[in-house]
Amino acid sequence: MEITEIVDNKKQYLNLLLLGDEQESMIDRYLDRGRMYILSEKDVIAVCVVTDEGNGILEIKNLAVRPDSQRKGYGKQLIEYIKDTYRGHFHTLRAGTGDSPSTIPFYEKCGFKRSGYSIKNFFLDNYYHPVYDGGVQLVDMVYLEMKI
Ligand SMILES: CC(C)(COP(=O)(O)OP(=O)(O)OC[C@H]1O[C@@H](n2cnc3c(N)ncnc32)[C@H](O)[C@@H]1OP(=O)(O)O)[C@@H](O)C(=O)NCCC(=O)NCCS
């Protein structure tokens, strides 16, 4: 298993990025300024994009594991790698996500706690189509965080 930073041509992994964030125009808002990592074994399995949000906060903007490789620990390994890489440079790791039963429990298992902060109607206001995940329609962006 290898984790590598991708600096050039980040869109070559668009299929994976679209798993974590289904609208390309939303990915374009953070991809250039974000730092992107891929996890691979023989093939590429997962992707993660993080951004510097200022005031010591690092944010996970996109995290996606190939469907045939989910629930095997790869997502958690990428988060551990991000924590190890950025510890000492940022005090908080934050993740924004829809209030979905398939992502919130994952982040909680990785040690994140709900911050209490959310952006109301984020998915209604910013996406062209209704966004569904884990069988529910996403409405608000909710934030989870942990100290690193
Ligand atoms: C969410 C996602 C990144 C999780 O990655 P993953 O590799 O499947 O998760 P892991 O195998 O590392 O799971 C880590 C822990 O979370 C738990 N977990 C993962 N998904 C879960 C779910 N849907 N419900 C409950 N627990 C879950 C695992 O059981 C594991 O628990 P453990 O540490 O006690 O063994 C992955 O499912 C994914 O890419 N989904 C589609 C894209 C997406 O929704 N991205 C997040 C928004 S940016």
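So, how was this worked out
In every chain, residue numbers begin from 1 and rise along the written sequence. Local features in this predicted model are restricted to residues of pLDDT 70 or higher, and side-chain atom pairs are both shown and tallied only at a pLDDT of 80 or more, whereas totals for entire chains, interfaces and linings draw on every residue. In computing side-chain values, all of the structure's heavy atoms are included and hydrogens and water are not. Numbering of helices and strands runs from the N terminus; a helix is a DSSP stretch of H or I covering at least four residues, while a strand is a stretch of E covering at least two. Between buried and exposed lies partly exposed: a residue is buried under 20% and exposed over 50% of the maximum accessible area for its type, with that area taken using a 1.4 Å probe on protein chains only. A pair is scored as a salt bridge if a Lys or Arg side-chain nitrogen falls within 4 Å of a carboxyl oxygen belonging to Asp or Glu. Two residues form a contact once any of their heavy atoms are found within 4.5 Å.

- Looking up the chain in an unreviewed UniProt entry gives the name GNAT family N-acetyltransferase, with the organism given as Mediterraneibacter hominis.

1. Topic: the overall build of the chain
Part 1 of the argument: A tally of regular secondary structure across the chain gives 5 helices and 9 strands.
Part 2 of the argument: Across the chain, helices and strands are ordered from the amino to the carboxyl terminus as β-α-α-β-β-β-α-β-α-β-α-β-β-β.
Part 3 of the argument: With the principal axes as the frame, the chain shows a C-alpha extent of 35 × 30 × 30 Å.
Part 4 of the argument: Counting across all 148 residues of the chain, residues that qualify as buried make up 45%.

2. Comments concerning the pattern of salt bridges
Part 1 of the argument: Counted according to the given criterion, the structure contains 12 salt bridges.
Part 2 of the argument: In this structure, Glu5 and Arg35 form a salt bridge, with 2.8 Å as the shortest nitrogen-oxygen distance. Here Glu5 is found in strand 1 (residues 2–6), whereas its partner Arg35 is found in strand 2 (residues 35–40), with 30 residues between them in sequence.
Part 3 of the argument: The class for Glu5 is partly exposed, based on a relative accessible area of 29%.
Part 4 of the argument: Owing to a relative accessible area of 41%, Arg35 belongs among the partly exposed residues under this scheme.
Part 5 of the argument: Linked through salt bridges whose partners overlap, the residues forming this network are Arg33, Glu53, Glu59, Lys61 and Arg94.

3. Topic: the environment of Val49
Part 1 of the argument: Of note, Val49 is situated in strand 3 (residues 44–52).
Part 2 of the argument: Setting aside anything within four residues of it in sequence, one finds Val49 in contact with Leu17, Tyr30, Leu31, Gly34, Arg35, Met36, Glu59, Ile60, Lys61 and Asn62.

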